[in-house]
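Architecture at a glance
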Amino acid sequence: MITNLISFLYDIKVEVVRKSNNSYIFLYNDDFYIFKKCNLREDYLMYIYNYINDSNTLYHNIVKNRHNKYVSSYNNENYILMKIKFNINRMLLLDDIYLSGAHHVSYMRKNDFNWTKLWKLKIDQVEYFINNYQQLNISSLAIINYYLGLSEVAISFFDTIKLDDYIPVSLSHNRIENNSDLYDYYSVTNVIFDHVTRDMGEYIKNYIYCNNSINMDNYQVLKRLNINDKYMLISRILFPSYFFDVFDDFVLNERDFVDFDKYFSCMDIYENNLKSVISYILK
């Protein structure tokens, strides 16, 4: 029972927990808490704690366990307990990301900014696979070449941006999942340090790569970006994370690529959404 595990690890006795995706939420002493599995190391959580605990952020506070540790271990699984700072949960909005990212926690040297390095690595991995895998049909190969070309455009576009010598970074995320809420966004289990347009771009791409035409009414906050941030956001949006997620799933799980093209049956919608967003940003 989760309630027994929470009591054992944190000396907190609760009777009711609510499961939400991969988290457990409960009320204790008039505050809400989130208990979930965690892949982060203790030293990393110690490092980010001062940034998380800053009163200017809404990221959940990390609660130490009965052994004065941030990470709790039980049956070869690691867990974390977080105390929520706000009262009402709702779906994540682009405005939330913009406001959160406006709080800069540090600066990164331009030469250390590695977006395109990581993108090139992803391209190389796909090209290596298709050069050594002989069972791709024409449809799958056409889709792969299209998105590799789009990835190259993202890299070329980014390389044209005249970045400042030092780039402001904020608390960001490895990935913004589709249909994330505020509890998800302000969880510390997915936190990294990056430019705000990383999260904004990944959020928007969840709507670009869906089966519906994108509604730009929800993106008016983009008009508040400066020109360099707009260009960084466009490069982030151009890079097709969705394609690489699908491709990696097929390769890692050794799936037959005969079904690969069905994940891209709405390519016309994707392309129109991409054009609409970029046009809106450049207005």
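You'll find the structure just up there.
Residues numbered from 1 in each chain as written. Predicted model: local features only at pLDDT ≥ 70, side-chain atom pairs only at ≥ 80, totals over all residues. Heavy atoms only, no water.

1. Focus on the overall build of the protein chain
Note the threshold: Secondary structure counts use DSSP, requiring at least four H or I residues in a row for a helix and at least two E residues in a row for a strand, with both numbered from the N terminus. Atoms counted for the radius of gyration: C-alpha only. Globule rule: 2.2 Å times the number of residues to the power 0.38. Relative accessibility decides the category of a residue: with a 1.4 Å probe and only protein chains considered, values under 20% of the type maximum give buried, values over 50% give exposed, and everything between is partly exposed. Per-residue and other accessible areas were derived by the Shrake-Rupley procedure at a 1.4 Å probe size, with only the shown protein chains allowed to occlude residues. The charge count includes Lys and Arg as positive and Asp and Glu as negative, but it does not include His or the ends of the chains. Where a charge lies is defined by one atom per residue type: Lys uses NZ, Arg uses CZ, Asp uses CG and Glu uses CD.
From N to C terminus, the protein chain includes 10 helices and 9 strands. Expected size for 283 residues packed as a compact globule is a radius of gyration near 19 Å; at 21 Å, the protein chain falls within 12% of this value. Its C-alpha atoms put the protein chain at 60 × 45 × 35 Å along the principal axes. Looking at the protein chain as a whole, 47% of its 283 residues qualify as buried. Surface summary for the protein chain: the accessible area is close to 15,500 Å², and the carbon and sulfur share equals 46%. Charge-centre separation for the protein chain: the mean point of 29 positive side chains lies 4 Å from the mean point of 34 negative side chains.

2. Description of helix H8 (residues 227-238)
Spacing of three or four residues puts side chains on the same side of an α-helix, whose turn is 3.6 residues. The line we're drawing: A helix is expected to span 1.5 Å multiplied by its residue count minus one. Should any heavy atoms of two residues lie within 4.5 Å, those residues are considered in contact.
Along its 12 residues, H8 runs 17 Å from first to last C-alpha, staying within 8% of the 16 Å computed at 1.5 Å per residue. Taking burial as the measure, the 12 residues of H8 include 10 buried ones, the bulk of the element. All of the buried residues along H8 are Asn 228, Asp 229, Lys 230, Met 232, Leu 233, Ile 234, Ser 235, Arg 236, Ile 237 and Leu 238. Where H8 is buried, its residues contact helix H4 (115-131), helix H5 (138-159), helix H7 (196-208) and helix H10 (267-281).

3. A short note on the pairing of strand S2 (residues 23-28)
Cut-off, in case you're wondering: By this definition, two strands are paired if DSSP reports at least two bridges between them.
In this structure, strand S1 (residues 18-20) lies alongside S2, joined through 3 bridges in antiparallel fashion. Bridge pairing in S2 places Ser 20 opposite Ser 23. In this structure, the hairpin formed by S1 and S2 is closed by a connection of 2 residues, where Asn 21 is found at a positive phi of approximately 55°. When S2 meets strand S3 (residues 31-37), the two strands line up antiparallel, connected through 6 bridges. Within S3, the position partnered with Phe 26 by the bridge is Tyr 33.

4. Quick look at the nonpolar core
So the rule is basically this: Think of a nonpolar core as a cluster: buried Ala, Val, Leu, Ile, Met, Phe, Trp, Tyr and Cys residues, connected wherever their side-chain atoms sit within 4.5 Å.
Residues Leu 45, Met 200, Ile 204, Leu 222, Phe 243 and Phe 260 are the most contacted members of the largest nonpolar core, which totals 82 residues. Ranked by residue count, the leading element in this core is H5, at 8 residues. Those residues in contact with Ile 204 that lie beyond four places of it in its chain are Leu 94, Ile 214, Leu 222, Leu 233, Ile 237 and Val 277.

5. Notes on helix H9 (residues 241-252)
With 12 residues, H9 should reach 16 Å at 1.5 Å per residue; the first-to-last C-alpha distance of 16 Å fits that figure. The set of residues buried in H9 consists of Ser 241, Phe 243, Phe 244, Val 246, Phe 247 and Phe 250. Buried residues in H9 make contact with H4, H5 and H7. One or two residues past the end of H9 sits Glu 254, with phi positive at roughly 50°.

6. Observations concerning the packing of helix H3 (residues 94-101) against H7
What describes two packed helices is the angle between their axes and the distance between those same axes. Operational definition: To define axes, lines are fitted to C-alpha atoms, for helices over the stretch in contact only, and angles between the resulting N-to-C directions are given on a 0 to 180 degree scale. For classification, angles of less than 35 degrees are called roughly parallel, those exceeding 145 degrees roughly antiparallel, those between 65 and 115 degrees roughly perpendicular, and all remaining angles oblique.
Running from N to C, H3 and H7 cross one another at 170°; their axes reach a closest spacing of 9 Å. By the angle class used here, H3 and H7 are roughly antiparallel. On H7, the residues that touch Leu 94, Ile 97, Tyr 98 and Gly 101 of H3 are Val 196, Asp 199, Met 200, Tyr 203 and Ile 204.

7. Section: the packing of H5 against H9
Counted only if it meets this: The crossing is said to be left-handed when, going from far helix to near helix, the turn is anticlockwise and less than a right angle, and right-handed when the turn is clockwise. The residue classification treats Ala, Val, Leu, Ile, Met, Phe, Trp, Tyr, Cys and Pro as nonpolar and Asp, Glu, Lys and Arg as charged. All others, Gly included, are polar.
Orientation of H5 relative to H9, taken along the N-to-C sense of each, is 135°, at an axis distance of 10 Å. The orientation of H5 with respect to H9, classified from their angle, is oblique. The two elements H5 and H9 cross, and the hand of that crossing is left-handed. Between H5 and H9, the residues in contact are Ile 144, Tyr 147, Leu 148 and Ser 151 and Phe 243, Phe 244 and Phe 247, respectively. Across the contact of H5 with H9, the residue classes break down as 6 nonpolar, 1 polar and no charged.

8. A closer look at the side chain of Ser 151
Relative to the assigned elements, Ser 151 resides in helix H5. Sequence-distant contacts of Ser 151, defined by excluding residues within four places in its chain, comprise Ile 123, Phe 239, Pro 240 and Phe 244.

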